Number of protein chains: 2
Amino acid sequence: MEKPYVVGIDIGATTAKIGLVDARGTVLVQTAIRSNDTTDPQQFVENLCSAITKLVQKDYDMEQIRGIGIGAPNANYYKGTIENAVNLTWGGQQTIAFAEMITQAIGLPVKITNDANAAAMGEMTYGAARGMKNFIMLTLGTGVGSGIVIDGKLVYGSDGFAGELGHVTMVRNNGRLCGCGKTGCLEAYASATGVARTARELLEATDKQSLLRNIPAEDITSKDVFEAAQQDDALAKDIFDFTGKMLGEAMADFVAFSAPEAIILFGGLIKSGDLIMKPTVESFNSNLMPLWKNKIKVVFSQLKESDAAILGASALAWEA
Amino acid sequence: MEKPYVVGIDIGATTAKIGLVDARGTVLVQTAIRSNDTTDPQQFVENLCSAITKLVQKDYDMEQIRGIGIGAPNANYYKGTIENAVNLTWGGQQTIAFAEMITQAIGLPVKITNDANAAAMGEMTYGAARGMKNFIMLTLGTGVGSGIVIDGKLVYGSDGFAGELGHVTMVRNNGRLCGCGKTGCLEAYASATGVARTARELLEATDKQSLLRNIPAEDITSKDVFEAAQQDDALAKDIFDFTGKMLGEAMADFVAFSAPEAIILFGGLIKSGDLIMKPTVESFNSNLMPLWKNKIKVVFSQLKESDAAILGASALAWEA
């Protein structure tokens, strides 16, 4: 009997999304469960597996599933583990043999990787990077993640943790404290939370009028900045220019590493469209070596936002 | 008839070194010709080929040669070309089909790559990186070059020019002008010429006593700085500390990209030993994400300096 489908799972801090996907990247059916209602990894595995079984068996058959692909924070592709995932209620300071636990519970091969790598995989299989052998995916969400593809393969490095481009140092003196413990990381500036931090800093540093002054500083989100910029708020546009400038500088350094055909931007921040794309591309090209100026594409992800995470994870399962 | 040997060639701005190498990395015989006595690429190819034939035929036979590997500035592995090599008298603003020209002249398969990639290849085949699948080679000479190995393969990227880590931006404001046209590049600081520039800057910026004040500022070389530091000259040691600090910062960012097992340092600057190694490793570890702290080896090249360039190039020839 043929096995024409895979299961893609995206595990976040509050929700785990599960989808049944065919070879063309169609999400046939999907569901979600809470990921933060237990502190016991084994309990979460059981919840997840019963949700998978229920989802599949409604209209399909478990015999039709070739494998399961999972994107999760702090996941290690080589070892199939989730390590020190402090943002997961059942993660914490431990190493969980997650892939193996799922296989034992449900009898299917499992591949696991971190969320940004899963997104890169999805982009390569179904999105803007189809046909590309060398590209870098940057996920600009709450944090900044990356998936690097060289010669058609994801880069995992010697330990499975390669591709932490959100944590290159962009500001060497008095840089912002980053969640990773370092200071001045790209993630502290070019993420959704980074944009909100920039807003608070600029509001305090200047007297410029701004719609953002109508919002309590600590409540400002990147969405507020976007909405203000759409109404031509000068300070809000300065915030995007600042963010794009730094992101472009970082991207130019990444090109010196792997000379990719394209850099693909993904995640919440790209909803800001040209507001973020324009200053990013301008800064990118003016910081590149002459050899690469205006030659490297910068594009937004083409994956449908709601399906992207599941698709990315499912792409892994074809090789499971 | 078996073909047990390869020819390795290292082309520099003034000299081309040619060696006959066996599978164990022994340079059996070697010679050198001038590389700057003609402006005609075809003439240089003929000079080179007649030197190869003469070298081989003295004690060996051209039939024993499997192929030729060449390391040269601005060489493109994919295309077999040397492009815009302004430092070569016969280079300049043109694209030379160098590999093909050699093959036509001498009837052997030819692989060509830039000098830093050749060094990485040599290190992997015969040196400190034997058995390593993931490492980064940094060549600290007149400039800063790099060869990146991921999953046992050199990274060439989408265009054959990947691995320009000497040109990541380390100083974003008022950075030094780099030979590539950008400012603030790592190469402008962590190369032999960068060390000399730092010496001139520090001598001018301070009143500190120093042995280096006995040398006309414009004549100071990195060797002078090394000799002064060996005599416990405080300013000379500051220069190495400054250089190592910046090099370590850059290396920490490189790890975020490919999570290598080791970073291998090569080239003239490593003759300074602990003077450069100590501040580099200290800065490297304090700038790494916690995940990698004290886990990534930093080592000097193990290739014999005089043979290194030829060996590196010859390593390429085994796959020609």
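Up top you'll find the structure we're talking about.
> Just to check I follow, could you spell out the overall build of chain A for this structure?
Within chain A one finds eight helices and 13 strands. A globule of 320 residues ought to have a C-alpha radius of gyration of about 20 Å, and chain A, at 20 Å, matches this closely. Referenced to the eigenvectors of the C-alpha coordinate spread, the extents of chain A come out at roughly 65 × 45 × 35 Å. A burial count over chain A gives 59% of its 320 residues as buried. When contacts within chain A are restricted to residue pairs at least 6 apart in sequence, long-range pairs at least 24 apart make up 62% of them. Surface exposure of chain A reaches about 13,200 Å², of which carbon and sulfur atoms provide 47%.

> Which parts of the structure should I look at to understand the relation of the copies chain B and chain A?
Two copies of one chain are present, and they are related through a rotation about an axis combined with an axial shift. Between the two copies, chain B and chain A, the superposition gives an RMSD of 0.0 Å; the rotation angle is 180 degrees and the shift along the axis is 0.0 Å. The superposition operator between the copies reduces to a two-fold rotation axis. It is B:Phe257 whose C-alpha, among those of chain B, lies nearest the rotation axis, at 4.0 Å. Mapped onto chain A, 100% of the interface residues of chain B are again interface residues, and the two copies thus contact each other with one and the same surface.

> Even after reading the chapter, I still don't get the sheet that holds strand 10 (residues 144–150) of chain B, so can you show me in this structure?
Strands in a sheet are paired, the pairing made by backbone hydrogen bonds, and the direction either parallel or antiparallel. All names here are of chain B. The strand order across the open sheet built from five strands is 11-10-9-12-13, with neighbouring strands paired in mixed fashion. Two strands close off the open sheet at either side, each with one partner strand: strand 11 (153–154) and strand 13 (297–300). In this structure, strand 9 (residues 135–140) lies alongside strand 12 (residues 262–266), joined through five bridges in parallel fashion. Within strand 12, the position partnered with Thr 139 by the bridge is Phe 266. Its contacts with the sheet place helix 3 (residues 115–126) against strand 9, strand 10, strand 11 and strand 12, and it is angled at close to 50 degrees to strand 10. Its contacts with the sheet place helix 7 (residues 234–258) against strand 9, strand 10, strand 12 and strand 13, and it is angled at close to 150 degrees to strand 9.

> Explain the pairing of strand 13 (residues 297–300) of chain A here, please?
On a regular strand, each side chain points to the face opposite its neighbour's, so the side chains alternate between the two faces of the sheet. All names here are of chain A. Looking at chain direction, strand 12 (residues 262–266) and strand 13 are connected through four bridges and run parallel. Bridge pairing in strand 13 links Ile 264 to Val 299. At this point the chain moves from strand 12, through helix 7 (residues 274–287), to the parallel strand 13, and the crossover so formed is right-handed.

> Looking at this structure, I do not really get the packing of helix 6 (residues 234–258) of chain A against helix 7 of chain A. What am I missing?
Residues and elements named next belong to chain A. The geometry of helix 6 relative to helix 7 is characterised by a closest axis approach of 7 Å and an angle of 40 degrees between their N-to-C directions. By the angle class used here, helix 6 and helix 7 are oblique. In the crossing of helix 6 with helix 7, the sense of the turn from one axis to the other is right-handed. Facing helix 6, whose interface residues are Lys 237, Phe 240, Asp 241, Thr 243, Gly 244, Lys 245, Leu 247, Gly 248, Glu 249, Met 251, Ala 252 and Val 255, helix 7 presents Leu 275, Ile 276, Pro 279, Thr 280, Ser 283, Phe 284 and Asn 287. Here the residues of the contact of helix 6 with helix 7 are counted per class, giving nine nonpolar, six polar and four charged.

> Any chance you could explain helix 6 of chain A here in plain terms?
Along an α-helix, residues three or four positions apart point the same way, because every turn accommodates 3.6 residues. Relative to the 36 Å expected for 25 residues at 1.5 Å per residue, helix 6 of chain A spans 36 Å between its end C-alpha atoms, a close match to the ideal helical length. Immediately beyond the C-terminal end of helix 6 of chain A, within one or two residues, lies A:Ala259, with a positive phi of roughly 45 degrees.

> Explanation requested: unusual backbone geometry in the structure shown.
Note: most residues except glycine have negative phi, and most peptide bonds are trans. Residues and elements named next belong to chain A. Even without glycine at this site, Asn 74 takes up a positive phi of about 60 degrees. Considering the arrangement of structural elements, one finds Asn 74 in the loop between strand 4 (65–71) and strand 5 (75–76). Residue Asn 74 is classed as partly exposed on the basis of its relative accessible area, which comes to 35%.

Calculation rules
Per-chain numbering applies: the sequence of each chain, read as written, is numbered from 1 onward. Each chain gets a letter, beginning with A, and each ligand a number, beginning with 1, in the order they are written. Reporting of local features is limited, given that this is a predicted model, to residues whose pLDDT is at least 70; pairs of side-chain atoms are given and counted only at 80 or more, and all residues count toward the totals for whole chains, interfaces and linings. Water and hydrogen atoms were dropped before computing side-chain values, which therefore reflect all heavy atoms in the structure. Each helix corresponds to a stretch of at least 4 residues labelled H or I by DSSP, and each strand to a stretch of at least 2 residues labelled E; elements are numbered beginning at the N terminus. Here the globule rule is a power law, 2.2 Å times the number of residues to the power 0.38, and the radius of gyration is based on C-alpha atoms. The buried label goes to any residue with under 20% of its type's maximum accessible area, the exposed label to any with over 50%, and the partly exposed label to all in between, with areas taken from a 1.4 Å probe on protein chains only. The contact rule is simple, with two residues in contact once any of their heavy atoms fall within 4.5 Å. Per-residue and other accessible areas follow the Shrake-Rupley method at a 1.4 Å probe size, with only the shown protein chains counted as cover for residues. Least-squares fitting of one copy onto the other uses the C-alpha atoms of those residues that reach a pLDDT of at least 70 in both copies. Should DSSP find at least two bridges between two strands, the strands are taken to pair. For helices, the fitted axis covers only the stretch in contact; all axes are lines through C-alpha atoms, and the angles between them, taken along N-to-C directions, range from 0 to 180 degrees. Seen with its strands pointing away from the viewer, a crossover is right-handed if its path from the first strand over the helix to the second goes clockwise. Roughly parallel refers to an angle under 35 degrees, roughly antiparallel to one over 145, roughly perpendicular to one between 65 and 115, and oblique to any angle outside these ranges. Crossing chirality is assigned from the near helix's rotation relative to the far helix, an anticlockwise turn below a right angle marking it left-handed and a clockwise turn marking it right-handed. Any residue that is not Ala, Val, Leu, Ile, Met, Phe, Trp, Tyr, Cys, Pro, Asp, Glu, Lys or Arg is counted as polar, Gly included; the first ten are nonpolar and the last four charged. For a helix, the expected span equals 1.5 Å multiplied by the number of residues minus one.

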